[in-house]
Structures are given as C-alpha cells and as structure tokens.
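Fold and geometry: a report
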Amino acid sequence: MTLTRQAADWSNVRTVFLDRDGVLNRKAPEGEYVARWEDFEILDGVMAALGRLRGAGLRTIVVTNQRGIALGRYALRDVESIHAKFQELLAASGAQIDAVYICPHDHGECNCRKPLPGLFEQAAAEYPGISAAESVMIGDSRVDMEFGKRLGIRTILIEGERENSAPSKEKAREIADLRCSSLREAVNAILGPA
Ligand SMILES: [Mg+2]
Ligand SMILES: [Zn+2]
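Here, residues in each chain are numbered from 1, in the same order as that chain's written sequence. Here chains are named by letter from A upward and ligands by number from 1 upward, in the order in which they appear as written. Residue-level local features of this predicted model are given only where pLDDT is at least 70; pairs of side-chain atoms are given and counted only at 80 or more, and the full residue set underlies all totals for whole chains, interfaces and linings. Hydrogen atoms and water are omitted, and side-chain values are computed over all heavy atoms in the structure.

Now for the pattern of salt bridges. When a carboxyl oxygen of Asp or Glu is within 4 Å of a side-chain nitrogen of Lys or Arg, the pair counts as a salt bridge. According to the stated counting rule, one finds 12 salt bridges in the structure shown. Of the charged contacts, one joins Asp140 and Lys27 as a salt bridge, the two residues approaching to 3.4 Å between their closest N and O atoms. Of this pair, Asp140 sits in the loop between strand E5 (135-139) and helix H5 (142-151) while Lys27 is found in the loop between strand E2 (15-18) and helix H1 (46-55), placing the two residues 113 residues apart along the sequence. Only protein chains enter the accessibility calculation, which uses a 1.4 Å probe; a residue whose area is less than 20% of its type maximum is buried, one above 50% is exposed, and one in between is partly exposed. Using a relative accessible area of 10% as the deciding quantity, one classes Asp140 as buried. Lys27 gets classed as partly exposed once you look at its relative accessible area, which sits at 26%. Among the salt bridges present, the one from Arg54 reaches Asp98, with a minimum N-O distance of 3.7 Å. Here Arg54 is found in helix H1, whereas its partner Asp98 is found in the loop between helix H3 (76-92) and strand E4 (99-103), with 44 residues between them in sequence. Here a strand is any run of E in DSSP of at least two residues, a helix any run of H or I of at least four, and the numbering for each starts at the N terminus.

Dropping the structure here:
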C-alpha cells in the first residue's frame, strides 16, 4: 500500500463507489468481454471486503462502463443477469451491493461513460444522502481516477496484475490518492485492518 499524498483520513467515508472489472472480478483479456456469469471470476477477498463495508454501514455503489453492449457483444440484460447472480451470492454471505449503475454506450455518445459524471449523478438522484466529500472511488484504471477527481471524490487505485497501457497507468497512479493491490487492501485502508 502506497500513500501518494498526505495521509488520508477515511473516517468520514459514507459511500464507496466501485468500478467492476478489475476490482470485483477479473478483467477480461484485451478484446474479450465478461458477457455471462461463467466469465465473472470474483477476485480473492472481494466477498469478505464487501461484507466488511456492509457491516460498517457504508453504502456501496458499482459504476461500470460496459461498452460491449454498444458493440453488440452482449446485451444489457446479460449484464443485469450477471449482477443479479452476484447479488444472490453476496446475500448468502451477508453482504450486498446497494446499487449498480451501468453505462452501455460507446465513446462520445453520452454523459455517463466514465470519466464523465453521469453515473454519479444517477446515484446521487436516487440516494440524496450521497456527497462527493464523503465518498471514495475505487477503480483500476485512469478513467476511474479521473471520474473521482473531476467530482471531488477521493480515489483509490487497484493495481492489478494486468496493466493498462503505460501512459494511462502512469496517469492513474499520479491522480490516485492511494494505491492498493486489491479491494481487500483498499477496505483495510478505509476501515482499518480486519
Ligand atoms: Mg476496471
Ligand atoms: Zn453512457
């Protein structure tokens, strides 16, 4: 775990925004997509980490770009069906995600493809208690870090095994308030070690 700015105080965090691919589940190889439940490989420690967030009373909201829908690789209902199965699994272990917001669009078509703020705005409209200052964005890519930064939300970068292109990765590291190797480590930073 590397602190890239002054020691962050996470004690006021009430809402945790989570990217999906590369944070909750293993990112598909370049050019491939997580199109069905069989492709959704949950990363180590994720179930327990989500359980801890729930136990601590934090709101958890997934914000995910799913351009594969615009490209016709899979449909919105496929994505929703993956999320429903994931929620079932979480519920069985006492965890739960409060909401999932999906951008199904291609580049330049909308206001909701991260780093644009639309998914945050949708969440804030449904959960009026959300404030950027009391939120954190956890993601594995530059767009996640930019999404947070533009909204005034603190950011935690998950540095996975498969990296983005070098300049993108460098930029993501530069923006991030904190860098961690997994969601488990990020949750330890926010809540204190388990
Ligand atoms: Mg990702
Ligand atoms: Zn969109």
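Now that the structure has been shown, we can carry on.
This part covers the side chain of Asp144. Locating Asp144 in the fold gives a position in helix H5. In terms of polar contacts, Asp144 uses its side chain to reach the side chain of Ser141, at 3.1 Å. Here, residues are in contact when the closest pair of their heavy atoms is within 4.5 Å. If near-sequence neighbours (up to four positions away) are discounted, Asp144 is found in contact with Asp19, Lys114, Met137, Gly139 and Thr155. A 3.5 Å cut-off defines polar contacts: any pair of N or O atoms within that distance qualifies, except that in protein one atom must be a possible hydrogen donor and the other a possible acceptor, and neighbouring residues in sequence count only when both atoms are side-chain atoms.

Shown as donors are all N, O and S atoms within 2.8 Å of a metal ion, widened to 3.2 Å for Na, K and Ca; because water is not in the atom set, sites may appear incomplete. Within the protein, the atoms that donate to the zinc ion (ligand 2) are Cys103 (SG), His105 (ND1), Cys110 (SG) and Cys112 (SG), at distances of 2.0 to 2.3 Å. Working rule for geometry: tetrahedral if four donors all subtend angles between 85 and 135 degrees; square planar for four, octahedral for six, if opposite donors exceed 155 degrees and the others stay between 65 and 115; irregular in every other situation. What the four donor atoms of the zinc ion (ligand 2) show is an angle range of 99 to 116 degrees at the metal, which sorts the shape as tetrahedral. Along the chain, the residues that donate to the zinc ion (ligand 2) are spaced as C-x1-H-x4-C-x1-C. Of the two residues, Cys110 and Cys112, neither departs from the other in class, the shared state being buried.

All right, on to the pairing of E4 then. Of all five residues making up E4, four are buried, and the element is well covered by its neighbours. Relative to E4, strand E3 (residues 59-65) runs parallel, the two being bridged by five bridges. Paired with Ile61 across the bridge in E4 is Ala99. Pairs of strands are assigned from DSSP output, requiring at least two bridges between the strands.

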